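Single-letter residue listing:
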Amino acid sequence: MQITTDKKKKALRQNYTATQNACKLCTPIGATLAFQGIEGCIPLLHGSQGCSTYMRRYLISHFKEPVDIASSNFTEETAIFGGGANLKSAIENVARQYLPSIIGIATTCLSETIGDDVPMIINSMQNCDNLPELVHVSTASYTGTHIDGFHNAIRAVVDRFNPESATLNNKDAQNKERDKTKSDKFGSGENISLNCFPGMLSNEDIRYLKEIFSLMGIKATILPDYCERLDGEPWIDYQVIQRGGTPISSIKKMYQANGSIELGRILAAKQDFNQNSGNSSQNLSAGELLAKRFGVKSLGVGLPIGVKETDRFFEALEQLTKKATPAIFLNERGRLIDAYVDCNKYLSQKRAIVYGEEDLVVGIASFLSEVGVVPVLCASGAKSGALKSVLQETLPQNIFEQIIIKDGVDFMEIEHEAKECDPDFLIGSSKGYATARRLDVPLVRVGFPIHDRVGGSRILHIGYRGAQRLIDEIVNTLLERRQERSNIGYSYM
Ligand code: SF4
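Residues numbered from 1 in each chain as written. Predicted model: local features only at pLDDT ≥ 70, side-chain atom pairs only at ≥ 80, totals over all residues. Heavy atoms only, no water.

Asker: Before we go on, may I ask you to explain the sheet that holds strand E2 (residues 70-71) in this structure?
Answerer: The strands that make up a sheet are held in pairs by hydrogen bonds between backbone atoms, and each pair lies either parallel or antiparallel. Reading across the sheet, the four strands line up as E2-E1-E3-E4 and stay open at both edges, with parallel pairing between neighbours. Each edge of the sheet is formed by a strand with only one pairing partner; in this case those strands are E2 and strand E4 (133-137). Those strands touched by helix H8 (residues 146-161) are strand E3 (102-107) and E4, and its axis lies near 140° from that of E4. (Pairing = 2+ DSSP bridges. Helix = DSSP H or I, 4+ residues; strand = E, 2+ residues; numbered from the N terminus. Contact = heavy atoms within 4.5 Å. Axes fitted to C-alpha atoms, helices over the stretch in contact; angles between N-to-C directions.)

Asker: I would appreciate a short explanation of the site of the ligand in the present structure.
Answerer: For the ligand, the full set of nearby residues is Cys26, Pro28, Cys51, Tyr54, Thr108, Cys109 and Ser141. The residue inventory of the shell around the ligand, partitioned by class, reads five nonpolar, two polar and no charged. (Near = heavy atom within 4 Å. Nonpolar A, V, L, I, M, F, W, Y, C, P; charged D, E, K, R; others polar.)

Asker: Looking at this structure, how should I read the packing of aromatic side chains?
Answerer: Aromatic ring pairs: the centre-centre distance and the angle between the two ring planes describe each pair. Under the counting rule described, the total for this entry stands at 11 aromatic pairs. Three or more aromatic residues link up through ring pairs in this structure, and these residues are Tyr208, Phe313, Phe314, Phe329 and Tyr464. (Phe/Tyr/Trp six-rings, centres within 6.5 Å; stacked < 30°, edge-to-face > 60°.)

Asker: What is the right way to read unusual backbone geometry from this model?
Answerer: Trans is the prevailing form of peptide bonds, just as negative phi is the prevailing case for residues other than glycine. For the bond from Leu223 to Pro224, the omega torsion is 0°, close enough to zero to count as cis. Inspection of the secondary structure assignment puts Pro224 in the loop between strand E6 (219-222) and helix H12 (248-251). Cis geometry is adopted by the peptide bond preceding Pro449, which originates at Phe448 and carries an omega value of 0°. Counting through the fold element by element, Pro449 comes out in the loop between strand E13 (443-445) and helix H22 (463-485). At Leu99, a residue that is not glycine, the phi angle is positive and equals roughly 50°. Looking at the element boundaries, Leu99 is found in the loop between helix H5 (84-98) and E3. Accessibility expressed as a relative area gives 69% for Leu99, which makes it exposed. The residue Asn130 is not glycine, and still its phi comes out positive at about 60°. Locating Asn130 in the fold gives a position in the loop between helix H7 (118-123) and E4. (Buried < 20%, exposed > 50% of the residue type's maximum accessible area, 1.4 Å probe, protein only.)

Asker: Just to check I follow, could you spell out the pairing of strand E10 (residues 374-380) for this structure?
Answerer: Side-chain positions along a regular strand alternate between the two faces of the sheet. Counting buried residues in E10 gives seven out of seven residues, a clear majority hidden from the surface. Pairing between strand E9 (residues 351-355) and E10: four bridges, direction parallel. Across the sheet, the residue bridging to Arg351 is Val374, located in E10. In terms of handedness, the path from E9 via helix H17 (residues 358-370) over to E10 forms a crossover that is right-handed. Pairing between E10 and strand E11 (residues 404-407): four bridges, direction parallel. Looking at the pairing, Cys378 lines up with Ile405 of E11. (Right-handed = clockwise from strand over helix to strand, strands pointing away.)

Asker: Would you take a moment to explain the packing of H17 against helix H18 (residues 387-394) for this structure?
Answerer: Relative orientation and spacing of two packed helices are given, respectively, by the angle between their axes and the distance between those axes. In contact at an axis separation of 10 Å, H17 and H18 are set at 25° when each is read in the N-to-C sense. On the basis of their axis angle, the class for H17 and H18 is roughly parallel. Where H17 crosses over H18, the handedness of that crossing is right-handed. On H18, the residues touching Glu358, Val361, Val362, Ala365 and Ser366 of H17 are Leu387, Val390, Leu391 and Thr394. Of the residues belonging to the contact of H17 with H18, the class tally is six nonpolar, two polar and one charged. (Parallel < 35°, antiparallel > 145°, perpendicular 65-115°, else oblique. Left-handed = near helix turned anticlockwise from the far one by under 90°.)

Structure (structure tokens):
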């Protein structure tokens, strides 16, 4: 029997095993980005040169800023006999040339595969002179995605600078700090201190968070904070390490905070799973680690994208601080609702494909469902196992019933599903451009990376203000497409 072309294609699709244009990035790239958000930190990859070159290129193309990532520079010999000597000399070289306050060491696939005992190698250097702080995170790329590397690096930093002994060693300081905040705790004073773990947001998102905390009179330690280092002013003199980042002195005080707020429903779902299954503190998020170790209350909320998730974010802030949401943000909310009404005629029943990092997919899908767009396909290269249940609890039931959810997929599978979905637009990183082009639908760029436009790092996604920007961009993208395709040339849409 002759197999039709369609059947042949289907058989090929079912049998292929290679990833084609992955909808995720390698794990250590997330760790290196997180390390960029710590003051005076140089990321160091334990592995071959090519890994750090690829990651530098990815980050530089998105942020349009210089990004240094050191490497322990594996050779054939190192791959066979182990990379301990290379790592030691890399640490010494970086310490001498950059004078960093901290070196963030992330492993690559190769060093993980040969099984280098990085904690042991670092411990053996404890008595060396003139070394900065050393923090290690294990980031084999075959066990996760960039977002795992990002969260794991943050947890490693918090763990390193807030050891169990912190309470004993700093009893006086801690008591003093708690006394100072006692009258303000849940009061109206200025001494409420919070830890904020924003996840992998844009520079503009981090600046917006700072504005919120400042206007609410909250002393917040945002970790990581790369918004100055990766979006700075021009230099007059060359800077070995750019200015900006969360100071280590602030990280060391995180255990004294009045509370922590962590952004990401998938991250929170993973914590629930860990707690229910009795997993070790190795799997805890940074906020949960501080909660377990020091009793710092931690609230996990979704990425505040759209009205509902931003409302939850402000409610969590009010709950942790007993401070009211400032009028400026309530006014933004009012204007946003008005924009939702105005834009309904353009967006109602439109169909979107959302892809990327799982928490971003959840946030964008939640926002789209508010403005009348059905996120017909929600896809991610990650596979936490929580995407479906988190989308179900986030989206209205009638929307959830209309969508297809795919995790652990690449762009080949996304494109195959997309063809059945009849989308009006795609929304995600620039890695989806080729797919959007073949489907002949516009792409609205969000998240990371954005390599084919300028300003990717200045996209505001979060808060009422971010949703306002997003809805304007989506409607204008659809209008532009209609206008371009019209043979009449409407100038009034
Ligand atoms: S070898 Fe592993 S760590 Fe290096 S670039 Fe490839 S996926 Fe990333």
